[in-house]
Amino acid sequence: MLKRAIFIGRFQPPHKGHLEVFKKILEEVDELIIGIGSAQESHTIENPFTAGERMLMLSKALAETGIDTSRVHIVPIPDVNNNSLWVSHVISFSPPFSIVYSGNPLVQRLFKEAGFDVRAPPLYNRQEYHGTKIRKHMIEGKRWEHLVPKPVLKIMLEIDAVDRMRDLSKTDYLLKPKRKRQI
Ligand code: ATP
Ligand code: MG
């Protein structure tokens, strides 16, 4: 029987760690479904990119690795904000699958209870390949470009991702006056 597995992430942005995970999974199964989580989110510090932008970044990055892209399916999955409904929600957005790869204990728990074959993929250079860190470096003007696959970098430059991140990090709140120190 054909083995089809799902891996869900927010991919804000997709980075080299994600790509290593995809390659590893495709060594073990026939087909991989990449679920783009929080698909309705965009233009926030945590979720700067639209589902469409993330989809484009993922498909271009996969194509460059030489992976047979007919083995990969990318589906956007909006949040449902209800853990007990989440598994059936994911199923309703995805091609059929029987295996779930996730390092997230809650995701593992929910799919295990629903009877899926749940597997934990290894972490690759997690200190560096980490979405939160990449977004922070973009705002702070530190180097981040080497942490994402080349095709992802190309799209991020195309959509002025650094400018977007910096605008999102601004606020129209006045600075709070410093509290007088209590002696
Ligand atoms: P964020 O800091 O925004 O959460 P992230 O790097 O954790 O970014 P996600 O989109 O949350 O990226 O990633 C989806 C899944 O990919 C996560 O559940 C995580 O376990 C896994 N993952 C993230 N980085 C790595 C990595 N370097 N190696 C292996 N797996 C990773
Ligand atoms: Mg994460």
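Provided above is the structure to which this section pertains.
Below or above, wherever it landed, is the structure these notes cover. Position labels on residues start from 1 in each chain and follow its written sequence. Both sets of labels track the order of writing: A upward for chains, 1 upward for ligands. This being a predicted model, a pLDDT of at least 70 is required before a residue's local features are given, and a value of 80 or more before pairs of side-chain atoms are given or counted; all residues contribute to the totals for chains, interfaces and linings. Each side-chain value is derived from all of the structure's non-hydrogen atoms; neither hydrogens nor water enter the calculation.

## Quick notes on the site of ligand 1
Next up, step 1: The near set for a molecule or strand comprises every residue that places at least one heavy atom within 4 Å of it. Residues in contact with ligand 1 amount to 18 residues; listed here are only the nearest, Arg10, Tyr124, Arg126, Thr132 and Arg135.
Next up, step 2: Nitrogen and oxygen atoms within 3.5 Å of one another constitute a polar contact, given that in protein one can donate a hydrogen and the other can accept it, and given that sequence-neighbouring residues count only through two side-chain atoms. A distance of 2.8 Å separates an oxygen atom of ligand 1 from a polar atom in the side chain of His15.
Next up, step 3: At 3.0 Å, a side-chain N or O of His18 approaches an oxygen atom of ligand 1.
Next up, step 4: Each accessible area is a Shrake-Rupley estimate made with a 1.4 Å probe; only the visible protein chains count as cover when residues are assessed. Protein contacts shield 88% of the accessible area of ligand 1, which totals 590 Å² for the unbound molecule.
Next up, step 5: Counting only elements with at least two residues in the shell around ligand 1, the list comes to strand S1 (4-9), helix H1 (16-28) and helix H5 (131-140).
Next up, step 6: Per-class residue counts for the shell around ligand 1 are eight nonpolar, seven polar and three charged. The numbering of helices and of strands both runs from the N terminus, where a helix is a DSSP run of H or I of at least 4 residues and a strand a run of E of at least 2. Amino acids are sorted into nonpolar (Ala, Val, Leu, Ile, Met, Phe, Trp, Tyr, Cys and Pro), charged (Asp, Glu, Lys and Arg) and polar (every other residue, Gly among them).

## Some remarks on helix H3 (residues 83-93)
Next up, step 1: Taken residue by residue, H3 has Trp86, Val87, His89 and Val90 as its buried positions. Take H3 and look down its axis: the buried residues cluster within an arc of 165°, on one side only. Projecting away from the buried face of H3 at angles above 90 degrees are the exposed residues Ser84 and Ser92.
Next up, step 2: Contacts were defined at the residue level, with two residues in contact if any of their heavy atoms lie within 4.5 Å. In the core, the buried residues of H3 are packed alongside S1 and helix H4 (105-113). Only protein chains enter the accessibility calculation, which uses a 1.4 Å probe; a residue is then buried when its area is under 20% of its type maximum, exposed when over 50%, and partly exposed in between. The reported arc concerns the directions from the helix axis to the C-beta atoms and nothing else.

## Side note on the environment of Phe116
Next up, step 1: The topology assignment puts Phe116 in the loop between H4 and strand S5 (117-119).
Next up, step 2: Expressed as a C-alpha distance, the spacing of Phe116 and Ile36, which sit 80 residues apart in the sequence, is 19 Å.

## What about the pairing of strand S3 (residues 72-76)?
Next up, step 1: Bridge count for strand S2 (residues 31-36) against S3 is five bridges, and the pairing is parallel. What sits directly across from Gly35, in S3, is Val75.
Next up, step 2: At this point the chain moves from S2, through helix H2 (residues 51-65), to the parallel S3, and the crossover so formed is right-handed. In this description, strands pair whenever DSSP reports at least two bridges between them. Handedness rule for crossovers: strands pointing away from the viewer, path from the first strand over the helix to the second running clockwise, crossover right-handed.

## A few points about the pattern of salt bridges
Next up, step 1: Take a side-chain nitrogen of Lys or Arg and a carboxyl oxygen of Asp or Glu: if they are within 4 Å of each other, that pair is a salt bridge. All chains considered together, the criterion is met by 12 salt bridges.
Next up, step 2: Across the pair Glu20 and Lys23 runs a salt bridge, and its minimum N-O distance is 3.4 Å. Separated by three residues within a single helix, Glu20 and Lys23 lie in helix H1, roughly one turn from each other.
Next up, step 3: Look at Lys23 and you get partly exposed, because its relative accessible area is 34%.
Next up, step 4: The partner of Lys133 in a salt bridge is Glu128, and the shortest N-O contact between them spans 3.4 Å.

## What to know about H1
Next up, step 1: For H1, which comprises 13 residues, the first-to-last C-alpha distance of 19 Å matches the rise-based estimate of 18 Å (1.5 Å per residue) to within 8%.
Next up, step 2: Gly17, His18, Leu19, Val21, Phe22, Ile25 and Leu26 are the residues of H1 that are buried.
Next up, step 3: Tucked inside the fold, the buried residues of H1 contact S1, S2, H2, S3 and strand S4 (99-101). What a helix should span is 1.5 Å times the count of its residues minus one.

## A short note on the sheet that holds S3
Next up, step 1: If you walk across this open sheet you meet the five strands as S3-S2-S1-S4-S5, and the pairing is parallel. Single-partner strands in this sheet number two, and they are S3 and S5. On average, each strand axis in the sheet is tilted by 25° relative to the strand beside it, whichever way the strands run.
Next up, step 2: Along the sheet, H2 contacts S2 and S3; its crossing angle with S3, the most-contacted strand, is approximately 170°. To get an axis, fit a line to the C-alpha atoms, keeping to the stretch in contact for a helix; angles then go from 0 to 180 degrees between the N-to-C directions.

## What to know about the packing of aromatic side chains
Next up, step 1: A pair of Phe, Tyr and Trp rings is counted when the ring centres sit within 6.5 Å of each other, with Trp represented by its six-membered ring. The angle between the planes then sorts it: under 30 degrees is stacked, over 60 is edge-to-face, the rest tilted. Scanning the entire structure with this criterion turns up seven aromatic pairs.
Next up, step 2: When the ring of Phe97 is compared with that of Phe111, the centres are 6.0 Å apart and the planes differ by 65°; the resulting orientation is edge-to-face. Taken together, the residues Phe97 in the loop between H3 and S4 and Phe111 in helix H4 connect sequence positions 14 residues apart.
Next up, step 3: You can call Phe97 buried: its relative accessible area is 12%.
Next up, step 4: Centre to centre, the rings of Phe97 and Phe116 are 5.0 Å apart; their planes meet at 25°, and the pair counts as stacked. In this pair, Phe97 is assigned in the loop between H3 and S4 and Phe116 in the loop between H4 and S5, connecting sequence segments 19 residues apart.
Next up, step 5: Taking relative accessible area as the criterion, Phe116 reaches 15% and is therefore assigned buried.

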